[in-house]
Amino acid sequence: MGVSLDFSVVLERWPMFLDGAWLTIRLALASTVLGFALGTLCATGRRGGSAWLSRLCGIYVEAIRNTPFLVQIFVVYFGLSSLGLSLPAVTVAVIALVINVGAYTAEIMRAGFDSIHKGQIEAGECLGLSRVQVYWHVVLRPAMERVYPALTSQFVLLMLASSVVSQISAEELTAVANFIQSDTYRAFETYIVVALLYIALSLLMRAGFWGLGLVLFPRRRRLGTPL
């Protein structure tokens, strides 16, 4: 039995694919920025002097890393609803994505912080740098530079994981694909197109992070170290 493929009925809905891809990009960008901030704060809290804060951050990280993302989305979605908070699906999706990626970012950044030798911090203090200056120039930026490849990979995985938010009716790329395949009855062709779009988005994000790394870490650019 031959296989008959017809991409025309799928591709004629390209504006819907573009709308879904654009929402996927927006979800990824917002979650990346907010998730990095949350993860960095959590990593700092785990290494701080407060035992209760370190324990609280540790519970958060382990809880997120040991539960499926789909379950986390439902917990956030139905949890907010039970509290009487009726938020748009996109807003709930961002919250769930930030909570998820924040935990993984925390572990990555903690590894970066642990790679900074205490002698470097003491040297910064001896030079008369303030605590903020020591944290920014001696701890945060060098730590981020060392784990930057891991961070970028995690954020690309975040963009791919955003496909799960279609389960709460956020109309990103996968949700659009679900609608198109149910309308055209061309499931195989639809998901081939979506797979190619996700590959393009992944390559676009990696190129963007590569360019950002050249700006953030000029020392690596001068040395020719891969980002």
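Quick caveat: nothing in here was measured; it's all calculated off a predicted structure. (Residues numbered from 1 in each chain as written. Predicted model: local features only at pLDDT ≥ 70, side-chain atom pairs only at ≥ 80, totals over all residues. Heavy atoms only, no water.)

### A word on the pattern of salt bridges
One side chain can pair with another of opposite charge once the charged atoms of both are near each other.
Now for step 1: If you walk through the whole model with that rule in mind, you get eight salt bridges.
Now for step 2: Taking the shortest distance from any N to any O, the salt bridge between glutamate 107 and arginine 46 comes out at 2.8 Å. Pair noted here: glutamate 107 is in helix H5 (residues 89-114) and arginine 46 is in helix H2 (residues 14-46), with a separation of 61 residues, a long-range link.
Now for step 3: The exposure class of glutamate 107 is buried, given its relative accessible area of 18%.
Now for step 4: Arginine 110 serves as the salt-bridge partner of glutamate 107, at 3.1 Å between the closest nitrogen and oxygen. On the criterion of helical spacing, the pair formed by glutamate 107 and arginine 110 is a turn pair, its members being three residues apart in helix H5.
Now for step 5: When salt bridges with common partners are traced through the structure, they connect Arg46, Glu62, Arg65, Glu107 and Arg110 into a single cluster. (Salt bridge = Lys/Arg side-chain N within 4 Å of Asp/Glu carboxyl O. Helix = DSSP H or I, 4+ residues; strand = E, 2+ residues; numbered from the N terminus. Buried < 20%, exposed > 50% of the residue type's maximum accessible area, 1.4 Å probe, protein only.)

### A word on the UniProt feature "domain: ABC transmembrane type-1" (unreviewed entry) in the protein chain
Now for step 1: Feature annotation in UniProt assigns "domain: ABC transmembrane type-1" (unreviewed entry) to the following positions: residues 21-209.
Now for step 2: Within the segment residues 21-209, helix and strand shares are 83% and 0% respectively, and the terminal C-alpha atoms sit 18 Å apart. (UniProt positions renumbered as here; feature names shortened; annotations may be inferred.)

### Some remarks on the UniProt feature "transmembrane region" (unreviewed entry) in the protein chain
Now for step 1: In the numbering used here, UniProt assigns the "transmembrane region" (unreviewed entry) feature to residues 20-42, 63-80, 86-106 and 190-217.
Now for step 2: The distance separating the terminal C-alpha atoms of residues 86-106 is 29 Å; by composition the span is 86% helix and 0% strand.
Now for step 3: As annotated, residues 190-217 has a helix share of 96% and a strand share of 0%, and its two end C-alpha atoms lie 40 Å apart.

### A short note on the packing of H2 against helix H7 (residues 131-161)
Now for step 1: Following both chains from N to C, one finds H2 and H7 inclined at 140 degrees, their axes separated by 11 Å at the closest point. By the angle between their axes, H2 is oblique relative to H7. For the crossing formed where H2 meets H7, the hand is right-handed. On H7, the residues touching Thr24, Ala28, Ser31, Thr32, Phe36, Thr40 and Thr44 of H2 are Tyr135, Leu140, Met144, Leu151, Phe155, Leu158 and Met159. (Axes fitted to C-alpha atoms, helices over the stretch in contact; angles between N-to-C directions. Parallel < 35°, antiparallel > 145°, perpendicular 65-115°, else oblique. Left-handed = near helix turned anticlockwise from the far one by under 90°. Contact = heavy atoms within 4.5 Å.)

### What to know about the nonpolar core
Now for step 1: Core analysis: the biggest nonpolar cluster contains 47 residues, and Phe17, Leu27, Met109, Phe113, Leu151, Val165 and Leu173 have the highest contact counts within it.
Now for step 2: For this core, the secondary-structure elements that each account for two or more residues are H2, helix H4 (69-82), H5, H7, helix H8 (173-184) and helix H9 (187-216).
Now for step 3: Among the elements that take part in this core, H7 stands out by supplying 11 residues, more than any other.
Now for step 4: Each residue touching leucine 151, except ones within four places of it in the same chain, is listed here: Phe36, Thr105, Ile108, Met109 and Met144. (Core = buried A, V, L, I, M, F, W, Y, C linked by side-chain atoms within 4.5 Å.)

### Thoughts on the side chain of threonine 174
Now for step 1: Tracing the backbone through its elements, the reader meets threonine 174 in helix H8.
Now for step 2: Here threonine 174 is in contact with Ser163, Ser166 and Tyr198, once residues within four sequence places are set aside.

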